[in-house]
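Close look at the chain arrangement
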Amino acid sequence: MVRRTTRRLLAGPLLVLAGLGPCAAEDWPMFGGDHTNRHFSGLTTIDTGNVARLRPAWIFQTGVTGYFQAEPVMVDGTLYVSTTQNHVAALDAKTGAVRWTYVHKARTEKIFGPPSNRGVAVSDGLVFEATMDGRVIALDARTGKVVWDHEAVRPEEGESETASALADTLGAGTVQGSSRLGFKMPPLVANGLVIVGVAGAGYGLHVEDEKGGLDGGAVVGIEGGYGRRGWLAAYDAKTGAERWRWYVTKADGWEGGFVDSTPDGVPLHRDIAAEKAAAPAHRDAWKVGGGSLWMTPAFDPALGLIYVGTGNPAPQNFGLSRPGDNLYTMSLVALDVTTGQLRWYYQQVPHDEWGYDVASPPFLLDHATPQGPVKAVAQASKTGWLYVHDRRDGKLLTRSAPLVAQKNLYAPPTAAGTVVSPGPLGAISWHPVAYDPKAATAYAQVRHGATTYVVKTAPASGGRPEIRYTETTEAKGEPSFSTLTAVDLARDGAIKWSVKAGSRLSGGTLVTAGGLVFSGEEDGHLDAHDAKTGAILWRFQCGAGIGGPPITYALDGRQYVAVAAGGASFTKGSGFGTGDALVVFALPD
């Protein structure tokens, strides 16, 4: 019998969901399973032959509905999970019984976008969380008591003109002012440091979109200095003191070389002469140049390097006021874990005007080459490719086959409207890609769809000059769907198989040595696929869109699979509701 644990983290009654007992575990001790970010498990108890018998073992309800995107962490028999409002619960990983809860009290309501949190980190008896109101917090893992609370940034700092009068001109919703900084990513704990980066830097002045996605009719990229400067920072795990900070936008020479193609040779269709002519008037654009950090870095202890993707420049989708390549936005970067110094970078999209953030967490692998295996780092992209680089110097080793149909790639937005595929939500957005090292295969949730980018003008009014902006809408008549796609990295990124989903895929993937790939859908289904063929072997309706990556762990020889079912902003916009359930599955006794 399934027992349901409901713990109202804000207030109110609690109901317990029981089940099973204490310890002897195979843990899921950090985001991605380990420092490689592979989202791979060697557990084999649940496999292709018995997964059809999988059923809920227990369910924990947080009482906080909406945008439940967290990846749980399991250490020594305790499952730790964060909620949309930055509350944290510690649960018995067998039964779901509540061990403690931390209720977060935000210091400001002025945050970037809809509230969400993608998980915590656990290390040396502490639970670390980075919050939407700009704080990095350490909790006692046994009690949930606050050990330290460091205010890293105030989201409302640097607030500028909201230009709310533009709403009438644009015929849209609330116009928000300068980007507000906060944290979404699960922290990385490495070498005694808690490492985390801010989101919200690259949006600048924009119109809030109730549909929850850039393909839902959003107005983005309003020209002007309304953005912020993204950064990644490291904090002492014992005290919370800041040890280093690396800024995404380059203070000197952020214009780069005004390149006319991407590093892998795809034309960018830029008007280089116009950009160079405008450059003297925009020398300080880097100060508000954007570059959010969306997901947790991978870490190579032997090299002492962390690898992280950076977001779009500001103003988003509108490049005339930020001439040049806009270094180091839209890049995979390698940083020294001890100092934060940049070792190398690979800028996927110089001078981005399409919202192609390098958002999915990179993962580490040993990549086969004719000269032997190379220690490599892979990065899935919104543009539709999966890139593999040498970890030491960033050299591109291979680029996969396109995972989507690419149309007018890097064609600039125009007044007449430019249809581009993929749009700003993908191919692959922030959702983690799982990698099976034995099969040398990556499993990605891929979104197929096109967006129309239109440059518009709000006329001068009341002493305010004319303002240009870009509007994005879902391209009419273009196909829109999701696939779960297997990419063979032993064969230069050839596609092994690709299976079309019934609804939009979300949350990311998990692959196990039992031959299974777990993947969530926005309509609430968690699916288990055969890793060799893509065939669906089992699915369960969790009651709300799957918003976070699934994990697996074992206790006393019993394997569990856990996933957050709460939806996300885009699932709400597409008609699927939000929820508050952490659903944990196991085979029957």
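A few words now on the overall build of the protein chain. Along the backbone of the protein chain there are three helices and 42 strands. By the burial criterion, 63% of the 589 residues in the protein chain qualify as buried. Considering only intrachain contacts with a sequence separation of at least 6, the fraction spanning at least 24 residues in the protein chain is 64%. Taken as a whole, the protein chain presents about 19900 Å² of accessible surface, with 51% of it coming from carbon and sulfur.

Below, the discussion takes up the pairing of strand S5 (residues 55–61). Within a regular strand, the side chains alternate between the two sheet faces. Burial runs high along S5: six of the seven residues are buried. The sheet contact formed by S5 and strand S42 (residues 581–586) spans six bridges and is antiparallel. Along S42, the bridge assignment pairs Trp58 with Val584.

This next bit is on the packing of aromatic side chains. Per the counting criterion, the structure on display carries 18 aromatic pairs. An aromatic cluster of at least three residues, connected via ring pairs, comprises Phe518, Trp538, Phe540 and Phe585. Lying across the ring of Trp385, Arg399 places its NZ or CZ 4.0 Å from the centre.

Right, let's get into the nonpolar core. The biggest cluster of nonpolar side chains holds 40 residues, and the ones touching the most others in it are Trp58, Leu79, Phe518, Tyr553, Leu582 and Phe585. Those elements that place two or more of their residues in this core are S5, strand S7 (78–82), strand S8 (88–92), strand S37 (516–521), strand S38 (525–530), strand S40 (551–555), strand S41 (558–565) and S42. Counting 39 residues, the second largest nonpolar core, distinct from the first, contains Val136, Val153, Phe183 and Ala190.

Time to look at empty space enclosed by the protein. Unoccupied space between atoms shows up once a probe the size of one water molecule is rolled over them. Here the structure, examined in full by the defined rule, presents one cavity of 30 Å³ or more. In this structure, the largest cavity occupies an estimated 40 Å³ of space. Around the largest cavity, the lining residues are Leu484, Val499, Lys500, Ala501, Leu505, Glu521, Asp527, His529 and Ile536. Elements supplying a minimum of two residues to the lining of the largest cavity: strand S35 (494–500) and S38. The residue makeup of the lining of the largest cavity, split by class, is five nonpolar, one polar and three charged.

With seven of eight residues buried, strand S34 (residues 481–488) is to be regarded as a mostly interior element. Two elements, strand S31 (residues 441–448) and S34, share eight bridges in a ladder whose sense is antiparallel. Following the sheet pairing, Tyr443 is matched in S34 by Ala486. In this structure, S34 lies alongside S35, joined through six bridges in antiparallel fashion. In the strand pairing of S35, Thr483 is matched with Lys500.

Moving on: the sheet that holds S35. Pairing is antiparallel across the open sheet formed by four strands, whose spatial order is S30-S31-S34-S35. The outermost strands of the open sheet, each flanked by one partner alone, are strand S30 (434–436) and S35. On average, each strand axis in the sheet is inclined to that of its neighbour by 25°, with strand direction left out of account. As paired strands, S30 and S31 are joined by three bridges and run antiparallel to one another. From the neighbouring strand, Ala434 faces S31, where its bridge partner is Tyr443.

A few words now on the side chain of Thr249. Tracing the chain through its elements places Thr249 in the loop between strand S20 (242–247) and helix H2 (272–278). Within the structure, the side chain of Thr249 is placed 2.8 Å from the backbone oxygen of Trp286, a separation counted as a polar contact. Those residues in contact with Thr249 that lie beyond four places of it in its chain are Arg229, Trp254, Trp286, Gly289, Gly290, Leu327, Tyr328 and Thr329.

With that out of the way, let us pick up the pattern of salt bridges. The final tally for this structure, using the stated rule, is 28 salt bridges. Through salt bridges with shared partners, one network takes in Arg107, Asp133, Arg135, Asp149 and Glu151.

Averaged over every residue, the pLDDT of the protein chain is 88; residues scoring 70 or more account for 86%. Predicted confidence is poor over residues 1–24, with pLDDT under 50, and the contacts of this stretch with residues over four places away or in other chains come to 82 contacts.

Topologically, His389 is positioned in strand S27 (residues 386–390). Separated by 3.0 Å, the side chain of His389 and the backbone oxygen of Gly394 make a polar contact. In this view, His389 contacts Leu332, Trp344, Tyr346, Lys375, Ala376, Val377, Gly394, Lys395, Leu396 and Leu397; residues no more than four positions away in its chain are not counted.

In space, the four strands of this open sheet follow the order S15-S16-S19-S20, with antiparallel pairing throughout. Of all the strands in the sheet, the pair left with one neighbour each is strand S15 (188–190) and S20. With direction set aside, neighbouring strand axes in the sheet form an average angle of 20°. Where S15 and strand S16 (residues 193–197) come together, three bridges link them in antiparallel fashion. Across the sheet, residue Val189 finds its bridge partner in S16, namely Val194.

Before going further, it helps to examine unusual backbone geometry. Trans is the prevailing form of peptide bonds, just as negative phi is the prevailing case for residues other than glycine. Leu327 connects to Tyr328 through a cis peptide bond whose omega is 0°. Residue position: Tyr328 is located in the loop between strand S22 (305–309) and strand S23 (331–336). Residues Ser421 and Pro422 are joined by a peptide bond in cis, for which omega reads 0°. Of note, Asn191 is a non-glycine position whose phi angle comes to about 55°, a positive value. One can find Asn191 in the loop between S15 and S16. The backbone phi angle of Phe258 is positive, close to 50°, even though this residue is not glycine. Using a relative accessible area of 14% as the deciding quantity, one classes Phe258 as buried.

Scoring rules and cut-offs
- Residues numbered from 1 in each chain as written.
- Predicted model: local features only at pLDDT ≥ 70, side-chain atom pairs only at ≥ 80, totals over all residues.
- Heavy atoms only, no water.
- Helix = DSSP H or I, 4+ residues; strand = E, 2+ residues; numbered from the N terminus.
- Buried < 20%, exposed > 50% of the residue type's maximum accessible area, 1.4 Å probe, protein only.
- Contact = heavy atoms within 4.5 Å.
- Areas by Shrake-Rupley, 256 points an atom, 1.4 Å probe, with all protein chains shown as cover.
- Pairing = 2+ DSSP bridges.
- Phe/Tyr/Trp six-rings, centres within 6.5 Å; stacked < 30°, edge-to-face > 60°.
- Lys NZ or Arg CZ within 6 Å of the ring centre and 35° of its normal.
- Core = buried A, V, L, I, M, F, W, Y, C linked by side-chain atoms within 4.5 Å.
- 1 Å grid on protein atoms, 1.4 Å probe; cavity = no way out; pocket = protein on both sides within 12 Å on 5 of 7 lines; lining within 4 Å.
- Points joined across faces, edges and corners; volume = space filled by probe spheres on them.
- Nonpolar A, V, L, I, M, F, W, Y, C, P; charged D, E, K, R; others polar.
- Axes fitted to C-alpha atoms, helices over the stretch in contact; angles between N-to-C directions.
- Polar contact = N/O pair within 3.5 Å; in protein donor to acceptor, adjacent residues only side chain to side chain.
- Salt bridge = Lys/Arg side-chain N within 4 Å of Asp/Glu carboxyl O.
- pLDDT = per-residue confidence, 0-100.

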